[in-house]
Amino acid sequence: MASFFGSIEYNPGGIKFEVIKHNINCADLFPVPLVIDNFGESARELNRRLMDDIHLEMEQEDTSVSRSFVSAWQSESGLERKYASFLELQKHIEASAASYLAHIKYADTTSVECAGLWANCISGAGGHSMYHIHGSGAVIATGVYYPSSLIKDRKSDREDLNDFNPQSIFRETGVGGELVIYDPSYIVKRQVIKPSGSHYYEALKTISPRESLLILFPQYLPHSVEPLLEDQLKRYSISFTIEKSP
Ligand SMILES: [Fe+2]
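Just so we're clear, the structure is a prediction, and the values are computed from it rather than from any experiment.

A word on the overall build of the protein
Per the secondary structure count, the protein includes 3 helices and 15 strands. With the principal axes as the frame, the protein shows a C-alpha extent of 65 × 45 × 35 Å. By the burial criterion, 30% of the 246 residues in the protein qualify as buried. Counting only contacts in the protein whose residues sit at least 6 apart along the sequence, the fraction spanning at least 24 positions is 81%.

Considerations on the nonpolar core
Soluble, globular proteins show a tendency: their nonpolar side chains are buried together. Membership of the largest hydrophobic core comes to 40 residues, with the highest contact counts inside it found for Ala-97 and Ile-238. For this core, the secondary-structure elements that each account for two or more residues are helix 1 (44-59), helix 2 (84-103), strand 8 (112-123), strand 10 (139-145), strand 13 (213-218) and strand 15 (234-244). Excluding its chain neighbours within four sequence positions, the residues that come into contact with Ile-238 are Leu-50, Leu-89, Leu-117, Ala-119, Val-144, Tyr-145 and Pro-147.

Examining the environment of Thr-173
With respect to the helices and strands, the residue Thr-173 is situated in the loop between strand 10 and strand 11 (179-182). As a C-alpha pair, Thr-173 and Ser-198 span 25 residues in sequence and 23 Å in three-dimensional space. Setting aside residues up to four positions removed in sequence, Thr-173 forms contacts with Leu-150, Glu-178 and Ser-208.

Brief notes about the packing of helix 1 against helix 2
Where helix 1 contacts helix 2, the two axes come as close as 8 Å, and the packing angle between them is 130°. With respect to helix 2, the axis of helix 1 lies oblique. In terms of crossing hand, the pair formed by helix 1 and helix 2 is left-handed. Of the residues in helix 2, those in contact with Leu-46, Arg-49, Leu-50 and Asp-53 of helix 1 are Ser-85, Phe-86, Glu-88 and Leu-89.

What counts, and where the lines are drawn
- Residues numbered from 1 in each chain as written.
- Predicted model: local features only at pLDDT ≥ 70, side-chain atom pairs only at ≥ 80, totals over all residues.
- Helix = DSSP H or I, 4+ residues; strand = E, 2+ residues; numbered from the N terminus.
- Buried ≥ 20, exposed ≤ 12 C-beta atoms within 10 Å, placed from the backbone.
- Contact = placed C-beta atoms within 7 Å.
- Core = buried A, V, L, I, M, F, W, Y, C linked by C-beta atoms within 7 Å.
- Axes fitted to C-alpha atoms, helices over the stretch in contact; angles between N-to-C directions.
- Parallel < 35°, antiparallel > 145°, perpendicular 65-115°, else oblique.
- Left-handed = near helix turned anticlockwise from the far one by under 90°.

Right, here's the structure in full:
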């Protein structure tokens, strides 16, 4: 194909086109892969042990580390070296990450690892996390695991964790604590007078925490956590990075 820039070679098979009208094709360029893995009921016992160990860690002095969270507790990284529950979770995350990296055709999935798990707990109104990304350099992807849904009335004890629709997590909770993931072009998109109902101009996605869910996404995606709105609420999460092994 000749153009102002000369000959352009491209692989039509590598780009998905949608026919929107005769002879008119549309491609969604630069997709951002976000993976949701529901560990479901099989992780309920692991979740209980993770919660016990988070509480154990919180009870120890000088274990709170200042990261992106505000009015909240965050542990040091590397809890997989301290607790069997976190080591077990690390292995589950690595299995999911291998599927994720294979799906996005990351060249070498054999030399990556889930490194440095850390725990976060927001307790009461106002606690939140600022806009941030995880890691740099060797970090390929990042994510979060929820050992618990938002705790306000132990409702999570009664729900069937296997009963899950991925679409259902993209919603607001009504009580805060949502994970917010931002398009890397967030600022530019927000400057555009947006048509309503067009996902091409969406600049952020809101995710409601739910017990047993693992969320994986690229390292370059900024994210934050909305403030909890009620004092009796607690929100637990476990963060990590997926990176190339040294
Ligand atoms: Fe984070």
